[in-house]
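# Survey of secondary and tertiary structure
Residues per chain are reported as follows:
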Amino acid sequence: MTKLALITGANKGIGYEISLELSKKGFTVLLGARDAQRGEAAAAQIKKEGGDAIYLSLDVSNEDSVRQAKDWVQEKYGKLDVLVNNAGIISHKGLVEVETEEVKNTMETNFYGPMRMNHYFIPLLKKGSSAKIINISSGMGALDDLHGGYAAYRLSKAGLNAQTILLANELKSTGIKVFAVCPGWVKTDMGGQGASRPVEKGAETPVWLATTEEGLTGKFYRDKKVIAY
Ligand code: NAP
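Positions within a chain are numbered from 1, following the residues in the order the chain's sequence is written. Given that the model is predicted, a residue must reach a pLDDT of at least 70 before its local features are reported, and side-chain atom pairs must reach 80 or more before they are shown or counted; all residues, however, enter totals for whole chains, interfaces and linings. Note that water and hydrogens are dropped before the side-chain values are worked out from all heavy atoms of the structure.

### Quick word on the layout of surface pockets
Rules: Grid points spaced at 1 Å over the protein atoms alone were grouped into cavities, where a 1.4 Å probe fits but cannot get out, and pockets, open sets with protein on both sides within 12 Å along at least five of seven lines, with lining residues defined by an atom within 4 Å of a point. Grid points are joined across faces, edges and corners, and a volume is the space filled by probe spheres set on the points. A run of H or I in DSSP counts as a helix once it spans at least four residues, and a run of E counts as a strand once it spans at least two, with each numbered from the N terminus. Charged means Asp, Glu, Lys or Arg here, nonpolar means Ala, Val, Leu, Ile, Met, Phe, Trp, Tyr, Cys or Pro, and polar covers whatever is left, Gly included.
The computed volume of the largest pocket comes to approximately 950 Å³. Taken together, 40 residues form the lining of the largest pocket, with Asn86, Gly88, Ile89, Thr188 and Met190 sitting closest to its centre. When contributions to the lining of the largest pocket are tallied by element, the ones reaching two or more residues are α1 (13–24) and α6 (151–171). Broken down by element, the residue count for the lining of the largest pocket peaks at three residues, all from α1. For the lining of the largest pocket, the residue count by class is 16 nonpolar, 16 polar and eight charged.

Pasting the structure below:
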């Protein structure tokens, strides 16, 4: 059976590039997106480039949406090999001025989103081969890098990093590996055009971790190297 990868927030940016690259490596890609038109268009583009991509309706901030996506994958494939928790939103304000509502909103996507996805998809990953969870995090959530500003975003990514360690430990006996990745500062709608890296560079380490057996479970990676949490 072909390898099956699910990428959240895959209609554009780093998520789209990870989907394209994995499809080129022979994966069937389930392209998760919250907007049907944008998701269908992205899947069609990957197919045009010779890959196998299927749009999957998925809003990671919505419990019902995640459960329905899991039911669909379970029914159609009965397994999952790679889950990339990529969907994310940014928030600029510092902790002094940010409203609690904005923190909750950011957490809903960046922190509870991956938690929900993992909860529902781990039973399918247990049926996959060399299964992996790749959490797209950020160096902005690293404990030594909590400079001011972007408070909700930094807290959400620091929390995602902690989830990575916890989950890796809980899943050790299953063989499912769990990683956090910082893609660097990447030219996307989120990173802006002034960013230092092309989207291909941002996708490089997640794609490598999805396809190699070299990755160390529970670790935080950038440019294929372990970095400090
Ligand atoms: P992007 O271009 O803004 O793309 C974000 C993607 O996430 C979009 O497809 C967006 O969908 C989707 N998304 C947002 N909320 C969602 C939800 N509730 N459910 C499902 N999908 C949702 O950003 P990016 O730069 O590619 O970022 C991807 C990941 O890399 C994020 O986790 C981000 O924090 C991380 N990252 C990026 C940088 C950077 O410099 N770009 C640096 C470090 C880490 P819509 O199109 O519908 O909005």
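Right, picking up where we left off after that structure.
### Things to note about the pattern of salt bridges
What counts, and what does not: Just to be clear on terms, a salt bridge is a Lys or Arg side-chain nitrogen sitting within 4 Å of an Asp or Glu carboxyl oxygen. Note on exposure labels: buried denotes an accessible area under 20% of the residue type's maximum, exposed denotes more than 50%, and partly exposed covers the range between, all computed with a 1.4 Å probe on protein chains only.
Summed over the entire model, instances satisfying the criterion amount to eleven salt bridges. Between Glu63 and Arg116 there is a salt bridge, with the nearest N and O atoms lying 3.0 Å from each other. Here Arg116 lies in helix α5 (residues 112–125) and Glu63 lies in helix α3 (residues 63–76), a separation of 53 residues in the sequence. For Glu63, a relative accessible area of 33% puts it in the partly exposed group. For the salt bridge of Lys93 with Glu102, the shortest nitrogen-to-oxygen distance reads 3.3 Å. Taking relative accessible area as the criterion, Glu102 reaches 25% and is therefore assigned partly exposed. By sharing partners, the salt bridges in this structure join Glu63, Glu108 and Arg116 into a single network.

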